[in-house]
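Secondary and tertiary structure notes
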Amino acid sequence: MTETTRAFAGRRAWEGAWLPAAGRLCDYGTDREARQKVVPVTAQYPAISAADIDLSDTEFWGWPLAERRAAFAVLRAAEHPPFFAEPETPFAERGPGYYALVRHADVAEASRLPEVFSSGQGATSIPDLPAEFNEYFGSMINMDDPRHGRLRRIVSRAFTPRMIKKFEGDVQQVAATIMDDLLDRGPGDFVEHVAARLPLTIICQLMGIPDSRYDQVLRDTNIILSGMDPDFISEDPAQAVGQILTAGAELAELVTGLAADRAGRPGDDLVTALATANIDGEQLTSAELASFFILLVVAGNETTRNAISHSLMLLTDFPDQRELLLADFDGRIGTAVEELVRYSSPVIFMRRTVTRDHRMNGHDFHEGDKAVLYYWSANQDETVFADPARLDITRSPNPHVGFGAAGPHFCLGAHLARREVSVMLRELLTRVPDIRAAGPPDRLLSSFINGIKHLPCTFGG
Ligand code: HEM
């Protein structure tokens with residue numbers, strides 16, 4: 001174990017509660033080499049056997065991406081879904097362990113059968129979360145029907161075609177401003193100056209949060225999203241829990257204040273729509289509004305930020321695909337965004353808990369079993385995607401599960417995320433056609449979010 005991973009090993013259980021781990025530089029060059037040789041990924045790493053792979057070991061998530069890819073290929077080739085012991089956690093008794101669903105077909109089946117594969121005991125964390133987290137982080141992603149259906153109906157009502165149209169106009173404007181600022185400032189950290197700004201600004205504008213509170217939202221989401229990063233949060237687990245709960249409380253207070261304000265003075269924003277949405281007499285309670293707001297900020301922010309950062313990296317690393325996109329941006333951007341989300345899979349997994357006996361992929365699951373849906377692996381499944389380690393922006397069909405597979409929890413923000421990625425890429429590639437990643441990414445060490453903390457960029461020339 002390296003010093004970094006040793007320092008975080010005892011705390012890895014926090015990953016997955018939408019709380020990614022600390023970053024460290026990853027060997028991206030290994031990945032590039034792997035792609036240049038067109039041979040099956042497993043053939044390049046004959047030394048990796050199933051016995052070497054422990055998805056509960058923090059160190060595994062620091063492996064170079066190409067090795068991680070090869071490891072998942074080994075797991076997909078296994079006869080049955082592999083089983084892993086759960087890591088020790090500072091806040092809960094050790095759970096029973098979990099089955100890793102690594103094949104596309106298994107991820108799709110589990111997503112489609114919510115009555116068998118339940119989200120209710122926690123979808124975003126392998127260990128069950130302590131009760132005090134539910135107040136802020138227990139929104140619909142961690143619920144089953146009927147509660148999930150009721151909440152989703154109410155909030156979907158707020159995502160009306162008119163609201164979506166407004167999203168679209170806002171995204172264009174914000175992306176253009178980000179580019180103006182980038183051109184003024186010159187090359188630097190792409191994550192800080194580009195990728196992080198767009199989703200955060202959009203979600204704040206949609207919610208009607210005044211500019212004066214953006215810094216607070218950014219600070220709080222950084223704490224929530226970077227739960228193991230000493231840049232943002234204490235290395236002491238007890239203090240870290242306090243900081244995360246304080247950040248949740250601050251965001252809850254912010255949205256509750258906004259909702260109270262909108263009750264008297266309705267605005268043209270999502271908070272007004274959510275606070276007043278009424279389905280058959282049902283409305284969101286203020287606690288539901290607060291936890292949904294936190295889910296939106298966290299889910300909408302971190303995922304899209306990483307999709308945009310990965311896009312710059314991938315288009316740098318696959319210059320032929322970049323040329324192809326530039327040659328017909330409008331004609332190819334639709335399939336390109338799907339491929340960039342497939343390849344990067346910003347959300348690595350979600351968890352389900354089995355509610356009754358069920359046979360899948362030759363394995364008998366029983367009530368209480370935990371099953372972890374590895375979207376990242378499903379999106380590399382060679383039985384579904386030809387040459388999965390190759391970026392192909394024209395790939396079609398592309399049945400990736402980057403936004404989750406078909407089912408009741410399919411990403412609510414997929415439309416907005418697609419829009420953000422495509423508008424940002426259009427601005428980048430039309431205004432600075434030679435923009436590229438200038439070095440390896442500073443990666444999150446996380447089993448949950450395929451994250452990039454920093455990425456240097458250059459304007460070429
Ligand atoms: C590239 C960007 C994004 C990716 C990769 C992504 C991925 C996902 C995934 C994998 C799920 C879980 C599906 C499941 O459990 O079956 C999900 C759910 C969700 N996402 Fe996204 N997401 C992205 C952007 C967004 C944005 C921009 C928003 C909001 C503005 C958002 C809001 C949500 C919500 C609210 C849920 C929970 C839906 C439910 O439980 O019914 N996401 N997303």
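Report follows, based on the coordinates. (Residues numbered from 1 in each chain as written. Predicted model: local features only at pLDDT ≥ 70, side-chain atom pairs only at ≥ 80, totals over all residues. Heavy atoms only, no water.)

A word on the packing of helix α14 (residues 286–317) against helix α18 (residues 414–431). Each pair of packed helices can be summarised by the angle the axes make with each other and by the distance between the axes. Their axes nearest at 10 Å, the elements α14 and α18 cross at an angle of 40 degrees. By the criterion of interaxial angle, the relationship of α14 to α18 is oblique. Crossing geometry of α14 relative to α18 is assigned as right-handed. Where α14 approaches α18, its residues T304, A307, I308, S311 and L315 are matched on the opposing element by A417, E420, V421, M424, L425 and L429. Broken down by class, the residue content of the contact of α14 with α18 amounts to eight nonpolar, two polar and one charged. (Axes fitted to C-alpha atoms, helices over the stretch in contact; angles between N-to-C directions. Helix = DSSP H or I, 4+ residues; strand = E, 2+ residues; numbered from the N terminus. Parallel < 35°, antiparallel > 145°, perpendicular 65-115°, else oblique. Left-handed = near helix turned anticlockwise from the far one by under 90°. Contact = heavy atoms within 4.5 Å. Nonpolar A, V, L, I, M, F, W, Y, C, P; charged D, E, K, R; others polar.)

On the basis of which strands lie adjacent, the open sheet formed by five strands has the order β2-β3-β8-β5-β4 and mixed pairing. Of all the strands in the sheet, the pair left with one neighbour each is β2 (83–84) and β4 (117–118). Two strands pair when backbone bridges link them, and β2 and strand β3 (residues 98–101) are joined in this way by two bridges, in the antiparallel orientation. Paired with F84 across the strands is Y98, a residue of β3. Helix α5 (residues 104–112) rests against β3, β4 and β8 (370–374) of the sheet, and its axis sits at about 120 degrees to β8. (Pairing = 2+ DSSP bridges.)

Turning our attention to the pairing of β3. Of the two faces of β3, the one holding Y98 and A100 and the one holding Y99 and L101 are both buried throughout. In the sheet, β3 pairs with β8 via four bridges, with the strands oriented parallel. Across the sheet, the residue bridging to Y98 is K370, located in β8. (Buried < 20%, exposed > 50% of the residue type's maximum accessible area, 1.4 Å probe, protein only.)

So, on to the pattern of salt bridges. The full count for this structure, using the stated rule, is 20 salt bridges. D180 serves as the salt-bridge partner of R431, at 2.5 Å between the closest nitrogen and oxygen. In this pair, R431 is assigned in helix α18 and D180 in helix α8 (residues 161–185), connecting sequence segments 251 residues apart. Among the residues examined, R431 registers a relative accessible area of 34% and is labelled partly exposed. Its salt-bridge partner being D261, residue R262 comes within 3.0 Å of it at the nearest N-O pair. Owing to a relative accessible area of 9%, R262 belongs among the buried residues under this scheme. Residue classification places D261 among the partly exposed residues on the basis of a relative accessible area of 30%. The structure contains a network of salt bridges with shared partners spanning E86, D128, R351 and K370. (Salt bridge = Lys/Arg side-chain N within 4 Å of Asp/Glu carboxyl O.)

Exactly one donor from the protein chain reaches the iron atom of the ligand: C411 (SG), at 2.3 Å. Positionally, C411 belongs in the loop between α17 (375–378) and α18. (Donors = N, O, S within 2.8 Å, 3.2 Å for Na, K, Ca; no water.)

This part takes up the packing of α8 against helix α10 (residues 197–207). Look at α8 against α10: their axes get within 10 Å of each other, and the N-to-C directions meet at 140 degrees. By the angle between their axes, α8 is oblique relative to α10. Two packed elements cross with a definite hand, and for α8 against α10 that hand is right-handed. In this structure, α8 uses F167, D170, V171, V174, A175, I178 and D181 to contact α10, whose residues at the interface are R197, L198, T201, I202, Q205 and L206. Per-class residue counts for the contact of α8 with α10 are eight nonpolar, two polar and three charged.

Let us now look at the site of the ligand. Surrounding the ligand, one finds 27 residues, the nearest of these being H148, R152, R352, H409 and C411. One of the side-chain N or O atoms of R352 is found 2.8 Å from an oxygen atom in the ligand. Looking at the shell around the ligand, the elements with two or more residues in it are α7 (147–158), α14, β5 (349–354) and α18. Element by element, the count of residues in the shell around the ligand is highest for α14, at seven residues. Residues belonging to the shell around the ligand are distributed by class as follows: 17 nonpolar, eight polar and two charged. (Near = heavy atom within 4 Å. Polar contact = N/O pair within 3.5 Å; in protein donor to acceptor, adjacent residues only side chain to side chain.)

Let us look at the packing of aromatic side chains. Throughout the structure, instances matching the rule amount to 17 aromatic pairs. Centre to centre, the rings of F60 and F72 are 5.9 Å apart; their planes meet at 75 degrees, and the pair counts as edge-to-face. Placement of the pair is F60 in the loop between α3 (41–44) and α4 (65–77) and F72 in helix α4, with a sequence separation of twelve residues. Arranged with centres 6.3 Å apart and planes meeting at 75 degrees, the rings of Y136 and F137 form a pair that is edge-to-face. Three or more aromatic residues link up through ring pairs in this structure, and these residues are F60, W61, W63, F72, F349, Y374, W376 and F448. The aromatic ring of F385 is capped on one face by R342, whose charged end is 5.2 Å from the ring centroid. (Phe/Tyr/Trp six-rings, centres within 6.5 Å; stacked < 30°, edge-to-face > 60°. Lys NZ or Arg CZ within 6 Å of the ring centre and 35° of its normal.)

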